[in-house]
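In case you want the letters, here they are:
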Amino acid sequence: MGTTPAFPEGDASLQKPLVAKTTIVCKDDLTGRSTILHELKNNPKFKKTSASLFTAENIKNLYIFLTHIDSTYLFIEDCDYSLLKFLRYKTKEQNLQFAVIDSTEYIVKEENLRVIRWFSGIPYYIYDENFVFETKFDTYYEFWECSYKSEYGSKYPYAIPQPASLRKNYDEEQSTDLKYILSNPIMVFSIIPLNENNYDLPFNLQPQSFRTSFETTDDSDIEGTGIDLDGDKILDGFWYMDIKNTRPVEVFVRLYINVDSKWVPIWYTYFKEY
C-alpha cells in the first residue's frame, strides 16, 4: 500500500488460501517510511469434517468472502488486496469495460482517491436465511496515501454493493453500543464467480447459518458462525471474530471453507477502533 493501485495491470490471480502470516505495510512514497497497518498470523487449524459442497475443482473460479451488513447497507473491505487481484483477473478474462478515475475528496484536507468503475457492475451472490440473494457493485475505492490512511481516509480499499432484499439488524441495545458493533460485525457468506453464467454450484441452494463451535487440532474450541449451503447437515463454511484484548480494540474475522473435508482459511477482514 501507499501507491495508486494499478488496474488492470498488476498482480492478477484467482483466490488463494490464506498463508501462515500476512503483514500489510503502507510505504509512504514521499518519506519512504513504512507503517505496519496490521498483521495476521497463527491461523487455527481445525479437525477434518465430512466432505460437502465445495471441492478443489469447483472453488477454483470463485472468490469467497463475507459481506458486512447493517440493516440493508452492504460493505466489502479488501484489506489484503485479494479482491483487487481477483477483479483484475476477472476483468481481463471477461473483457469487462471499466474506467479508472483519480480524484480527491475533502475529509480534512484533500485526500487522494483512486476509483475503479465497471460499466455493467460486478454481480455476486449472498447466501442467508434459505435464500440466495443477488446483488452487485460497480465501484472499488481506495484512499491510497499512507499519511491520510493513518489519519483521515479509509485505511483499506472497499466497495459498497447495491442493497439486496436481505435485512440484518442489531437489536435496540446493541445498536447504541459502538464497541459491541465493532466487536460483533454482522457478516453474510458471499461468492463472486469468475463467470456468473458458468460455474459449478447449484442455483437452488437453501443456506442456513447458526452459532456453533469448532474444535481445533490442539483440542481447543472456537465459537463462531457456521453455514450449511446445500442442506446436507454438513457445514460448508465457518467464520469467527478474533477479538484482541488491546486498546484500541482490534478484531480479525477469519473465514474457513470445507474443501473436500478439510477446513481451509480462505479470507479475512480486520477492524480497529480508533
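Quick caveat, the model's predicted, so the values are computed rather than measured.

## Notes on the overall build of the protein chain
Reasoning step 1: From N to C terminus, the protein chain includes three helices and 14 strands.
Reasoning step 2: What you see for the protein chain is a C-alpha radius of gyration of 19 Å, in line with the 19 Å of a compact globule of 274 residues.
Reasoning step 3: Taken along the three principal axes of its C-alpha coordinates, the protein chain extends 55 × 45 × 40 Å.
Reasoning step 4: Sequence-distant contacts, at least 24 apart, represent 63% of the contacts inside the protein chain between residues at least 6 apart.
Reasoning step 5: Split by element, the accessible area of the protein chain, about 13900 Å² in all, is 46% carbon and sulfur.
Reasoning step 6: A distance of 5 Å separates the average location of the 29 positive side-chain charges in the protein chain from that of its 41 negative side-chain charges.

## Notes on the state of the cysteines
Reasoning step 1: Following the criterion strictly, the structure yields one disulfide and no others.
Reasoning step 2: Linked covalently through their sulfurs, C26 and C146 form a disulfide whose S-S length is 2.1 Å. Between C26 and C146, the disulfide has an S-S torsion of -100 degrees and is therefore left-handed. Of this pair, C26 sits in strand β1 (residues 21-27) while C146 sits in helix α2 (residues 146-149), and the two are 120 residues apart along the sequence. Judged on exposure class, the residue C26 and its partner C146 are both buried.
Reasoning step 3: The thiol of C79 is not disulfide-bonded; the next cysteine sulfur, from C26, is found 13 Å away.

## Details of helix α1 (residues 82-94)
Reasoning step 1: With 13 residues, α1 should cover 18 Å at 1.5 Å per step; its first-to-last C-alpha distance of 18 Å lies within 8% of that length.
Reasoning step 2: Just beyond α1, the residue with positive phi is N95, at close to 55 degrees.

## Regarding the side chain of T135
Reasoning step 1: Mapped onto the secondary structure, T135 falls in strand β7 (residues 131-143).
Reasoning step 2: A polar contact of 2.5 Å, which involves the side chain of T135, links it to the backbone oxygen of Q162.
Reasoning step 3: In this structure T135 touches L74, I122, P123, Y124, I126, P161, Q162, P163 and A164, once residues within four positions along its chain are discounted.

## Thoughts on the environment of G2
Reasoning step 1: Summarising the element assignment, G2 is placed in the segment before β1.
Reasoning step 2: Classification of G2 as buried rests on a relative accessible area of 0%.
Reasoning step 3: Considering only alpha carbons, one finds G2 and D242, 240 residues apart in sequence, at a separation of 27 Å.
Reasoning step 4: Those residues within four positions of G2 in sequence are excluded, and the remaining contacts are C26, K27, D29, W144 and C146.

## Let's talk about unusual backbone geometry
Reasoning step 1: Omega for the peptide link from F7 to P8 comes to 0 degrees, which places this bond in the cis form.
Reasoning step 2: Residue position: P8 is located in the segment before β1.
Reasoning step 3: Positive phi is not limited to glycine here, since N95 has a value of about 55 degrees.
Reasoning step 4: You can see N95 is positioned in the loop between α1 and β5 (98-105).
Reasoning step 5: Phi angles above zero are rare outside glycine, and N130 is one such case at about 70 degrees.
Reasoning step 6: The residue N130 is located in the loop between β6 (111-128) and β7 in this model.
Reasoning step 7: Given the relative accessible area of 36%, N130 is considered partly exposed.

Thresholds, definitions, all that
- The residue numbers shown here count from 1 along each chain, following its written sequence.
- The predicted nature of this model means local features are confined to residues of pLDDT at least 70 and side-chain atom pairs, given and counted, to a pLDDT of 80 or more, with totals for whole chains, interfaces and linings taken over all residues.
- Values shown for side chains rest on all heavy atoms present in the structure; no hydrogens or waters enter the calculation.
- What counts as a helix is a DSSP run of H or I of at least four residues, what counts as a strand is a run of E of at least two, and both are numbered from the N terminus.
- The reference for a compact globule is 2.2 Å times residues^0.38; the radius of gyration itself is calculated from the C-alpha atoms.
- Two residues qualify as a contact provided that any one of their heavy atoms is within 4.5 Å of a heavy atom in the partner residue.
- Surface accessibility follows the Shrake-Rupley procedure with a 1.4 Å probe radius. Residue values consider only the protein chains on display as shielding.
- When charges are counted, Lys and Arg contribute as positive and Asp and Glu as negative, whereas His and the chain ends are disregarded.
- Here the site of a charge means atom NZ of a Lys, CZ of an Arg, CG of an Asp or CD of a Glu.
- Our working definition of a disulfide is a cysteine sulfur pair at a distance within 2.5 Å.
- Exposure classes here rest on a 1.4 Å probe applied to the protein chains alone. A residue is buried below 20% of its type maximum, exposed above 50%, and partly exposed in between.
- An expected span of 1.5 Å times one less than the residue number is assigned to each helix.
- Any pair of nitrogen or oxygen atoms within 3.5 Å is treated as a polar contact; in protein, a donor-acceptor pairing is required on top of that, and neighbouring residues in sequence qualify only through side-chain atoms on both sides.

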